[in-house]
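Letter by letter, the chains look like this.
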Amino acid sequence: MRTAVLNLTVEKMVDFVNKNQMKFDNAVQRPFVWDLDRQSYLLDSIMRGFPIGVIHVDKVSGETKKDWYYDVMDGQQRCTTLFRFMNNEFELQNVNP
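Quick look at the structure, then.

Parameters and conventions
- Residues numbered from 1 in each chain as written.
- Predicted model: local features only at pLDDT ≥ 70, side-chain atom pairs only at ≥ 80, totals over all residues.
- Heavy atoms only, no water.
- Buried < 20%, exposed > 50% of the residue type's maximum accessible area, 1.4 Å probe, protein only.
- Helix = DSSP H or I, 4+ residues; strand = E, 2+ residues; numbered from the N terminus.
- Contact = heavy atoms within 4.5 Å.
- Core = buried A, V, L, I, M, F, W, Y, C linked by side-chain atoms within 4.5 Å.
- Pairing = 2+ DSSP bridges.

## What to know about helix α3 (residues 76–86)
- A large share of α3 lies buried, amounting to 8 of its 11 residues.
- Those residues of α3 that fall on the buried side of the exposure criterion are Q76, Q77, R78, C79, T80, T81, L82 and R84.
- Of the surrounding elements, those touching the buried residues of α3 are α1 (10–18), β1 (22–23), α2 (36–47) and β3 (69–74).
- Looking one or two residues beyond α3, the residue adopting positive phi is N88, at roughly 55 degrees.

See the structure below:
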């Protein structure tokens, strides 16, 4: 097994999701369950520069070289929260500026 550390921006992660190159439907992942408070607290932590933990992914190869994606093994709640916020699907609540 080969491991690597990827330093991705939020924008790059959103781009991967939009291009179907990051998927959250792994059998080990529970459905998205975070409420708005928890999502807001995550974003507050990011904006304050606090660490939010490592997101574990497996790079899955397809039939062609262009046919690959990241299968999220751990971090679906955090990734989905970032994706939802970047797509204006919710506003922050209960956080102090």
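Here the narrative resumes, following the displayed structure.
## Focus: the environment of E91
- Here E91 shows up in the segment after α3.
- Put simply, E91 and L36 are 55 residues apart on the chain and 8.4 Å apart in space, counted from C-alpha to C-alpha.

## A few points about the nonpolar core
- Membership of the largest hydrophobic core is limited to 12 residues, which are M13, F16, V17, M22, F24, L43, W68, Y70, V72, C79, L82 and F90.
- Put simply, the parts of the chain that give this core at least two residues each are α1, β3 and α3.
- With near-sequence residues (within four places) excluded, M13 lies in contact with L8, M22, I55, C79 and L82.

## Focus: the sheet that holds β1
- Taken in spatial order, the 3 strands of this open sheet run β1-β3-β2, and their pairing is mixed. Unpaired on one side and paired on the other, β1 and β2 (56–60) mark the two borders of the sheet.
- With 5 bridges joining them, β2 and β3 adopt antiparallel strand pairing. Following the sheet pairing, V60 is matched in β3 by Y69.

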